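What follows is the residue order along each chain.
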Amino acid sequence: MHILTVGLNYRTAPVEIREKFTFASNRLPEALAVLKETKSVLECVIIGTCNRTEIYAVVDRKYKSGHFIRGFLEKWFGVTRAEFDPYLYVHEDNKAAEHLFRVAMGMDSMIVGETQILGQVRDAFLLAQENAATGTLFNALFKQAVTAAKRAHTETCISENPVSVSYAAVELAKRIFGSFHNKNVLIIGAGKMSELAATHLASAGVGKLMVVNRTLSRADLMAEKFAGSAYPIERLSSALKEADIVISSSGSEEYVLTKDQVKAVLQGRRPGRPLFMVDIAVPRNLDPAIGELSNVYLYDIDDLEAMVETNLAERHKEAEKLASLIDEEVQSFEQWVKTLGVTPVIRALQEKSNRIYEETMESMMKKLPELDEREQKVIRKLAKSIVNQMMRDPILRVKDMAGGRRGDEALEIFTELFALEELLLEQKEEERLLEAASARSAVRREEEHVRAPFIARNGTEALAGS
């Protein structure tokens, strides 16, 4: 078995290509089912975000499976292979696992260290698991990836430095006030940047949120979303009197607030009460001279972008620390995969030794009928002990051999040495029968689910006669 990643992202494909490969969320279960039925695919997970579409698959052959997965993409999206092939990347086995760890940790994101992707990876895995698209390998790999990503964000500062202008504005305000508890925030403008700032402020627990906009209806919509209050632009000065923090991002071509206006408002405020103001608009909304006023902290977008650039550099430094963590995780998973194949071999060896033991004991008891119950028990115990001791070293050795560089070859030699081929075939047949029985049970449950409403309406007799 092999692990394969086939995908495209913001680095390899422009948005006009990426948007053609967007899985509708309501059709993802169907896509997983079709992908799972694709030739060579044994397990699968689909990760789809605005910046990437990736298919992770456990496949039974290394070289043909990529071709089959490309065929799935071609049919599902109705795009010819020639159109998307130049933008695809393919990772195999350890490289595929390494890529997943990087994605989950936010190291492959447009903004290094962002945490949203971790939730998206987790949700993609859980959806695949719920739809029976994952198995032993991916259940282990994706859980390990999610755990490792959480560890990465805990043990490094990769996600701590703000790397968006809106978030940086909120972080600057934290430095002034420490806590936003009982602090009033005034947002001037109701556009995308203002809403993003309001989102960060709301998550930080601000006391009161006020929105001022030239179009009151837009201010109302935004204020309602964050349980705040909306004001027309004419009431800007009265709202400013209540504010501790001001974030301005309106589309005005002129200053929304001048130094004289703010000075007049400050005279009506409690002495010593600081006013933190951030102007993230271009052109600027706030008169730069406002920063000359006592107890007023004024920042513009250049201040914030300088902070963002510094923080991005810090994130990249932190990302370098994660390289060794990813190596550890990949090696750990590789070691686990290598020893995975040893389990059925050990089980077959134990089964063979138990059969030999039982046959030998049965033959012995027939030849020595004069033995009483206590003597039989002692002989059985001694014989069992001999068998267990004989098996202990081979089992320990085969575990070590399976974890080596040529583990598959070692398992084949071990299987031939102890003549375990037939027992392994029996195990596979038992597993196949169990899977078939499980599938039949699932079909029966689905049929009962479909039939239940009909029975409820028409009764069992009507159903039987239909």
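Structural data are supplied above this passage.
Residues numbered from 1 in each chain as written. Predicted model: local features only at pLDDT ≥ 70, side-chain atom pairs only at ≥ 80, totals over all residues. Heavy atoms only, no water.

Caption draft 1: Geometry of the sheet that holds strand β2 (residues 41-48). The 4 strands are arranged β2-β3-β1-β4 in an open sheet whose pairing can be described as antiparallel. Every interior strand has two partners, whereas the edge strands, β2 and β4 (89-92), have only one. With direction set aside, neighbouring strand axes in the sheet form an average angle of 15 degrees. Lying on the sheet, helix α7 (residues 136-155) is in contact with β1 (2-9), β2 and β3 (52-59); it crosses β2 at an angle near 30 degrees. (Pairing = 2+ DSSP bridges. Helix = DSSP H or I, 4+ residues; strand = E, 2+ residues; numbered from the N terminus. Axes fitted to C-alpha atoms, helices over the stretch in contact; angles between N-to-C directions. Contact = heavy atoms within 4.5 Å.)

Caption draft 2: Molecular detail of the sheet that holds strand β10 (residues 296-300). Reading across from one edge, β7-β6-β5-β8-β9-β10 is the order of the 6 strands in this open sheet, with parallel pairing throughout. Two strands close off the open sheet at either side, each with one partner strand: β7 (229-232) and β10. Going from strand to strand, the sheet's axes swing by 15 degrees on average, the running direction of each strand aside. Two elements, strand β5 (residues 184-188) and strand β8 (residues 245-248), share 4 bridges in a ladder whose sense is parallel. The residue bridging I188 from the neighbouring strand is S248, located in β8. Contacting β8, β9 (275-279) and β10, helix α8 (residues 165-177) crosses the sheet at an angle of about 165 degrees to β9. Most of the contacts of helix α10 (residues 216-225) go to β7, to which it runs at about 165 degrees, and overall it touches β5, β6 (208-213) and β7.

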